[in-house]
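Breakdown of the fold
The residues making up each chain are set out below.
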Amino acid sequence: MFRVLFVCTGNICRSPTAEGVFQNLVQSRGLTDRIATDSAGTGSWHAGGPPDPRSQETAKNRGIDISHQHARSVRPNDFEYFSLILAMDSGHYRSLSARCPAPCADRLRLFMDYAPETGITDVPDPYYGAGNGFARVF
C-alpha cells in the first residue's frame, strides 16, 4: 500500500482539501486498494475538529465531501508509516524536516513540486484571507 499524507498548519484548510481531492481521484481510478490518504497539521490547535466550513463548502461545490475528516497533528510514526509526505508550504516543509528521522527524509516533498508549471512553490493559506482564497486553494 502506498500512503500519502498532506500537511498544513492546523489541518482544517489546505491539507484536508488536498486529501479530499486526491482521495476522489484515487477512488475514481479504482485505486483505493493500492493508495491510502490522510492529512495532518504541524500544530494541534484544531485537533478533533472538522475542516473549516469554507473549505467544506468549496469542496462540496465541486462534488467532493470532506465533512467526515477530523483534524489531527503530525505524529512521530507518520514519518515511517507514510510513503510520501506533502507539505503545503515551505514553512511546513521546514517544520517537518526538523522532526523527520534521517532515514525517512526522502519521503518529504513540497506539494507544489508536482505542479512546477504554475511557478508557485507554496499553497497560499486562505484562513485569514478574504475573497476567493478557498477557491484558489482548491
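Before any of the text, the structure's been laid out above.
Treat the numbers as computed from the prediction; the structure is a model and nothing was measured. (Residues numbered from 1 in each chain as written. Predicted model: local features only at pLDDT ≥ 70, side-chain atom pairs only at ≥ 80, totals over all residues. Heavy atoms only, no water.)

1. Quick word on the sheet that holds strand E3 (residues 84-87)
- If you walk across this open sheet you meet the four strands as E2-E1-E3-E4, and the pairing is parallel. Only two strands of the sheet have a single neighbouring strand rather than two, namely strand E2 (35-41) and strand E4 (108-110). Across the sheet, the mean angle from the axis of one strand to that of its neighbour is 25°, orientation sign disregarded.
- Pairing of E3 with E4 involves three bridges; the strand directions are parallel. From the neighbouring strand, isoleucine 85 faces E4, where its bridge partner is leucine 108.
- Docked against the sheet, helix H1 (residues 14-28) engages strand E1 (2-8) and E2, running at close to 175° with respect to E2.
- Across the sheet, helix H4 (residues 90-99) is in contact with E1, E3 and E4; its angle to E4 comes to roughly 170°. (Pairing = 2+ DSSP bridges. Helix = DSSP H or I, 4+ residues; strand = E, 2+ residues; numbered from the N terminus. Axes fitted to C-alpha atoms, helices over the stretch in contact; angles between N-to-C directions. Contact = heavy atoms within 4.5 Å.)

2. As for helix H2 (residues 53-60)
- Inspection of H2 places Ser55, Thr58 and Ala59 among the buried residues, and these make up the whole buried set. Along the long axis of H2, the arc covered by the buried residues comes to 95°, so they all point the same way. Away from its buried face, by an angle of more than 90 degrees, H2 presents the exposed residues Pro53, Glu57 and Lys60.
- The elements touched by buried residues of H2 are H1 and helix H5 (133-137).
- Near the N-terminus of H2, the side chain that reaches the backbone nitrogen of arginine 54, with its oxygen 2.7 Å away, is that of aspartate 52. (Buried < 20%, exposed > 50% of the residue type's maximum accessible area, 1.4 Å probe, protein only. Arc of directions from axis to C-beta. Polar contact = N/O pair within 3.5 Å; in protein donor to acceptor, adjacent residues only side chain to side chain.)

So far we have only geometry, and geometry alone does not tell us how the molecule works.
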